[in-house]
Amino acid sequence: MTPDEIRETVLDILSDIAPDEDLSGLDPDRPFRDQLDMDSMDFLDIVMELRKRYRVQIPEEEYPALASMTSTVEYLTPRMKDIPKK
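These figures come from a predicted structure and were not determined experimentally.

## Some points on the packing of helix α1 (residues 3–17) against helix α3 (residues 40–54)
Put simply, α1 and α3 touch, their axes get as near as 10 Å, and they point 125 degrees apart. It follows from the interaxial angle that α1 and α3 lie oblique. You can see that α1 and α3 cross each other, and the crossing is right-handed. Along its contact with α1, which presents Thr9, Asp12, Ile13, Leu14, Asp16 and Ile17, the element α3 presents Asp42, Asp45, Ile46, Glu49, Leu50, Arg53 and Tyr54.

## A few points about the packing of aromatic side chains
A complete count under the given rule lists one aromatic pair for this structure. The interplanar angle of 65 degrees and the centroid separation of 6.1 Å between the aromatic rings of Phe43 and Tyr63 together place this pair among those described as edge-to-face. Of this pair, Phe43 sits in helix α3 while Tyr63 sits in the loop between α3 and α4 (69–80); the two residues are 20 residues apart in sequence, bridging distant segments of the chain. Taking relative accessible area as the criterion, Phe43 reaches 13% and is therefore assigned buried. You can call Tyr63 buried: its relative accessible area is 14%. The side chain of Arg79 reaches across the aromatic face of Tyr75, ending 3.7 Å from its centre.

## Quick word on the nonpolar core
The biggest cluster of nonpolar side chains holds 26 residues, and the ones touching the most others in it are Leu14, Phe32, Ile46, Ile58, Leu76 and Met80. Elements with a contribution of two residues or more to this core: α1, α3 and α4. Setting aside chain neighbours within four positions, we find Phe32 in contact with Val10, Leu14, Leu26, Met38, Leu66, Ala67, Ser68, Met69 and Thr72.

## Focus: the pattern of salt bridges
Scanning the entire structure with this criterion turns up seven salt bridges. Asp12 serves as the salt-bridge partner of Arg53, at 2.8 Å between the closest nitrogen and oxygen. Pair noted here: Arg53 is in helix α3 and Asp12 is in helix α1, with a separation of 41 residues, a long-range link. You can call Arg53 buried: its relative accessible area is 17%. Salt-bridge contacts for Lys81 lead to Asp82; the nearest nitrogen and oxygen are separated by 3.6 Å. Members of the salt-bridge network, linked through shared partners, are Asp12, Asp16, Glu49, Lys52 and Arg53.

## Notes on the packing of α1 against α4
Two numbers describe how α1 lies on α4: the axes approach to 9 Å, and their chain directions differ by 120 degrees. The pairing of α1 with α4 is recorded here as oblique in orientation. Here the hand of the crossing between α1 and α4 comes out right-handed. Residues Pro3, Ile6, Arg7, Val10, Leu11 and Leu14 of α1 lie in contact with α4, whose contacting residues are Met69, Thr72, Val73, Leu76, Thr77 and Met80.

Scoring rules and cut-offs
Residues numbered from 1 in each chain as written. Predicted model: local features only at pLDDT ≥ 70, side-chain atom pairs only at ≥ 80, totals over all residues. Heavy atoms only, no water. Axes fitted to C-alpha atoms, helices over the stretch in contact; angles between N-to-C directions. Helix = DSSP H or I, 4+ residues; strand = E, 2+ residues; numbered from the N terminus. Parallel < 35°, antiparallel > 145°, perpendicular 65-115°, else oblique. Left-handed = near helix turned anticlockwise from the far one by under 90°. Contact = heavy atoms within 4.5 Å. Phe/Tyr/Trp six-rings, centres within 6.5 Å; stacked < 30°, edge-to-face > 60°. Buried < 20%, exposed > 50% of the residue type's maximum accessible area, 1.4 Å probe, protein only. Lys NZ or Arg CZ within 6 Å of the ring centre and 35° of its normal. Core = buried A, V, L, I, M, F, W, Y, C linked by side-chain atoms within 4.5 Å. Salt bridge = Lys/Arg side-chain N within 4 Å of Asp/Glu carboxyl O.

So, in structure tokens, the structure goes:
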């Protein structure tokens, strides 16, 4: 997947987890939890959904790399480069 495809995927997951949130104005450099009404379980849902959809394993100590859109895309790009977009 390309970085743009990963960004789309993360937005899709976020829209499922926080359906009432307007994601169009999301600041890619600010943490999701500062911008969206998300708790720690919602954050874990992002990790679980990535695992379910793409079999991406993210160790707990690396969860902080998924704080913002920019850091998430940077973290996932090398891990998902050989995964086709669904």
